[in-house]
Amino acid sequence: MEARAGLSHDRGKLIAWILLIAATIAIGALPHLVDTSPPPSALAIAEARFIQEGEGPEQQVSLPHHWLPETLYELTTGSYRLSFHATDVPGESMFLFIPAVRHHVQAWVNGRRADTAPDTVWSTPTSGYAFLARIPDGAIHPGHNEILLRQTRKIGWLPGRLSQVSVGTAAVVMPAYQLSNFLIEEVRAMTFALHIALAIGIASIWTARRHDPVFGWLAAMSITSILVVVAQSPHATLGTLEQLQSISLMSAVGLMAIGMALAIAGRRRPRQLLPAVIAVPACLLALGLTGLVPFPMIGLLSACITLTAYVAAAGILAHQFAQDKNWDAAIMVGPCALTVWFGVHDVLVVTGRYDDPFLLASYARTLMLLAIMVILMGRLARSLNSLDHANDTLRQKLAARESELGLLHEKEKIHAGQMVREQERQRLMRDLHDGMSGHLVAIIALSERHPEGGQAIERAARAALDDLRLVVHSLDLGDGDLGVALAAFRERLEPQLRRLGIAFHWSTEKLPAVTGVTPQNALSVLRILQEAVTNAIRHGPARRLSIEGRTTEDGMATLSVSNDGGRPLQAGTGNGLRNMQRRARELGGRVAFTMGDDGARLLLVFPARLPE
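To start, this report covers the structure provided alongside it.

Criteria and cut-off values
- Residues numbered from 1 in each chain as written.
- Predicted model: local features only at pLDDT ≥ 70, side-chain atom pairs only at ≥ 80, totals over all residues.
- Heavy atoms only, no water.
- Helix = DSSP H or I, 4+ residues; strand = E, 2+ residues; numbered from the N terminus.
- Buried < 20%, exposed > 50% of the residue type's maximum accessible area, 1.4 Å probe, protein only.
- Contact = heavy atoms within 4.5 Å.
- Areas by Shrake-Rupley, 256 points an atom, 1.4 Å probe, with all protein chains shown as cover.
- Pairing = 2+ DSSP bridges.
- Core = buried A, V, L, I, M, F, W, Y, C linked by side-chain atoms within 4.5 Å.
- Axes fitted to C-alpha atoms, helices over the stretch in contact; angles between N-to-C directions.
- Parallel < 35°, antiparallel > 145°, perpendicular 65-115°, else oblique.
- Left-handed = near helix turned anticlockwise from the far one by under 90°.
- Nonpolar A, V, L, I, M, F, W, Y, C, P; charged D, E, K, R; others polar.
- Polar contact = N/O pair within 3.5 Å; in protein donor to acceptor, adjacent residues only side chain to side chain.
- Expected span 1.5 Å × (residues − 1).
- Salt bridge = Lys/Arg side-chain N within 4 Å of Asp/Glu carboxyl O.

Re the overall build of the protein chain
(1) Moving on: Counting its secondary structure elements, the protein chain contains 13 helices and 18 strands.
(2) Moving on: Sorting the 612 residues of the protein chain into buried and exposed places 41% on the buried side.
(3) Moving on: Looking at the protein chain alone, contacts between residues at least 24 apart form 76% of all its contacts between residues at least 6 apart.
(4) Moving on: Here the protein chain has roughly 32400 Å² of accessible surface; of this, 60% comes from carbon and sulfur atoms.

So, the sheet that holds strand β2 (residues 47–52)
(1) Moving on: Spatial ordering of the open sheet is given by β3-β2-β5-β11-β7-β8, a layout of 6 strands whose pairing is antiparallel. The sheet terminates laterally at β3 (59–62) and β8 (112–113), the two strands that pair on one side only.
(2) Moving on: Strand direction decides the pairing type here: β2 and strand β5 (residues 77–86), joined by 4 bridges, are antiparallel. Directly across from isoleucine 51, in β5, lies its bridge partner serine 79.

A closer look at the nonpolar core
(1) Moving on: Counting residues in hydrophobic clusters, the biggest one holds 43 residues, and the most contacted among them are Met260, Ile264, Tyr310, Leu317, Met332, Cys336 and Ile372.
(2) Moving on: Only α2 (170–208), α3 (213–232), α5 (250–264), α6 (273–290), α7 (295–324), α8 (327–350) and α9 (361–449) provide two or more residues apiece to this core.
(3) Moving on: The greatest single-element share of this core, amounting to 11 residues, is contributed by α5.
(4) Moving on: One finds Ala48, Ile135, Ile147 and Phe342 within the second-largest nonpolar core, a separate group that totals 37 residues.

A look at unusual backbone geometry
(1) Moving on: Here leucine 63 and proline 64 are connected by a cis peptide whose omega angle stands at 5 degrees.
(2) Moving on: Structurally, proline 64 can be placed in the loop between β3 and β4 (65–67).
(3) Moving on: Unlike most non-glycine residues, serine 41 shows phi in positive territory, near 70 degrees.
(4) Moving on: Tracing the sequence through the fold places serine 41 in the loop between α1 (2–29) and β1 (43–45).
(5) Moving on: Take serine 41: its relative accessible area is 73%, and that puts it in the exposed class.
(6) Moving on: Located in the positive-phi region is histidine 103, a residue other than glycine, with phi close to 80 degrees.
(7) Moving on: Looking at where histidine 103 falls in the secondary structure, it is placed in the loop between β6 (94–102) and β7 (104–109).

Let's talk about the sheet that holds strand β15 (residues 544–551)
(1) Moving on: With mixed pairing, the 5 strands of this open sheet are ordered in space as β14-β15-β16-β18-β17. Looking along the sheet, the strands with just one partner apiece sit at the ends: β14 (503–507) and β17 (590–596). Strand-to-strand twist across the sheet, computed as the mean angle between neighbouring axes with direction ignored, equals 15 degrees.
(2) Moving on: Pairing between β17 and strand β18 (residues 599–606): 7 bridges, direction antiparallel. Across the sheet, threonine 594 pairs through a bridge with arginine 601, a residue of β18.
(3) Moving on: Packing of helix α11 (residues 482–499) onto the sheet brings it into contact with β14, β15, β16 (557–563) and β18, and relative to β14 it is tilted by some 170 degrees.
(4) Moving on: Packing against the sheet, helix α12 (residues 519–539) makes contact with β15, β16, β17 and β18, and its axis sits at approximately 15 degrees to β16.

A short note on the environment of glycine 128
(1) Moving on: Within the secondary structure, glycine 128 is located in the loop between β9 (115–116) and β10 (129–135).
(2) Moving on: The exposure class assigned to glycine 128 is buried, which follows from its relative accessible area of 0%.
(3) Moving on: Sequence separation between glycine 128 and phenylalanine 358 is 230 residues, and the spatial gap between their C-alpha atoms is 4.6 Å.

Concerning the packing of α7 against α8
(1) Moving on: At a minimum axis separation of 8 Å, α7 and α8 run at an interaxial angle of 155 degrees. One finds that α7 runs roughly antiparallel with respect to α8. For α7 against α8, the interelement crossing comes out left-handed. Residues Leu300, Ala303, Leu307, Tyr310, Val311, Ala313, Ala314, Leu317, Ala318, Gln320 and Phe321 of α7 lie in contact with α8, whose contacting residues are Trp327, Ala329, Ala330, Met332, Val333, Cys336, Ala337, Thr339, Val340, Gly343, Val344 and Val347.
(2) Moving on: The residue inventory of the contact of α7 with α8, partitioned by class, reads 20 nonpolar, 3 polar and no charged.

What to know about the side chain of histidine 65
(1) Moving on: For histidine 65, the location among the structural elements is in strand β4.
(2) Moving on: According to the relative accessible area criterion, histidine 65 is buried, its value standing at 14%.
(3) Moving on: Within the structure, the side chain of histidine 65 is placed 2.7 Å from the side chain of tyrosine 80, a separation counted as a polar contact.
(4) Moving on: Every residue in contact with histidine 65, bar those within four places of it in the chain, is listed here: Phe50, Tyr80, Gly160, Arg161 and Leu162.

Looking at α8
(1) Moving on: Look at α8: 35 Å from first C-alpha to last across 24 residues, which is about the 34 Å you get at 1.5 Å a residue.
(2) Moving on: Of all 24 residues making up α8, 17 are buried, and the element is well covered by its neighbours.
(3) Moving on: Its side-chain oxygen at 3.0 Å from the backbone nitrogen of aspartate 328, asparagine 326 defines the N-terminal cap of α8.
(4) Moving on: At the C-terminal side of α8, glycine 352 shows a positive phi close to 80 degrees.

Some points on the pattern of salt bridges
(1) Moving on: Overall, the coordinates contain 14 salt bridges when judged by the stated rule.
(2) Moving on: Ionic pairing is found between aspartate 328 and arginine 382, a salt bridge with its closest N-O pair at 3.0 Å. Separated by 54 residues along the polypeptide, aspartate 328 in helix α8 and arginine 382 in helix α9 bring together distant segments of the chain.
(3) Moving on: Within this structure, Arg49, Glu58, Arg81 and Glu146 form a network of salt bridges that share partners.

The following block contains the structure:
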């Protein structure tokens, strides 16, 4: 199984390499598939007489033709004389069309100047372009006609070149001219716009991700390339193109490509790389300005440095791709290799070693920009996928945690219910013990000591029943029901006091609205009142008894039980006092006993918001 997996992995790597190399070769071959032949149905001229300004007699040449002066950097003019025979002259406008030409061209037909198409910002005569000129009406006549083309080398040291010349109507030559114009000029404009947008985007990303050297090198390459494009434009006002070429910022871009390749491969850059990015163009500038090295040699030296750097970058990226299938490295291998390919092509064209109508280095920059954009989009997609995966993992963990919390909550609810039931059971046992047990003991004692004392036994049984009702009634109370509990307590108390001949006064209108009432704390209030009334009856003996409710200045609730009898309860004796004090503390309040000439008073103070 392992051997089969290893074989499959090797086969996958081989297929990936084949696809990468095939794509690179296919893109590199595209410029050579551009058709520069005359348009169909146009009158094609393939022979001319050529002469360089200031040299010998005219010589017969075949088109396409390229020429180079003896002195490489000599700015001179070459003239082409072409002849054609017209059998008839159409009634519409005629045009002179050259699919591929280099350097500035002027045209005359039978001695009359032809109107050339206006140059655009992206017209670069040195890199090759399609020439179109409108022949003046009436300039062509039936029979023999002659065309004069003057090709002037104004910039650089590129050879002059002229492809076959065509003469035809707008319907014949315009489609080919528009296609050439799109491929040569409009693509350059779109590339420059893409270049600026991508440079801004990469620089913005780099400012937020300073720790990622890939974006730093990409931002430096993009911005420096923009400066190179502006500097090489014939419309630049920064100085003569020769001086700008001497700076040769392209060497800096090539060295930056090495840094970019090392960053993508995850390797540390050499310490000398960053100083070299600044020092190499500065040295080239110094050599050019001092005149130690001619400008053409400065340009050639800069091109060699740039191409060597791109070879090194392509090697680093290819090695990284071969090691761990780093697809970012694979994506950048193609543009780096094509930059070398197109650069060597342009050097051979510039030095006259190879004849081709167009320079291709600018299109390598387009491929580089597209590759950078693909890498950025790939990294963005991977980041979004990673974020989605993290979100999915987080949602799953959150759902699992919520499920665990739900189970814990249910367990806690069950446990809390059990605790509440246990507490309520303990409370009921305590209350029944405090109330019912005493009454039952009294009933048993009465029955044992006084078998004939049916009346006393009846009173004790009634007291036990009233106490049981008190406990049971408290179970039905809720928040805000203290008034209801007090009313029920009064209803049970009044008949008992009436039978005993005790005058009774009740007033709870001034009691505040008490909230937080639970069965437990309501029963505690009633127990305290019941204990106070029982003591007043038992130890008084009282003839008048009063229960009043009021509100203190600080908003506390008070209930006072007053009687005209003696001491209601001897301090420090029995469990009654301790029970009342304990119950008052549970309410968050207190109890106090006072004695006066007119009798005794018990005062219960508790908050208007009872603790639940």
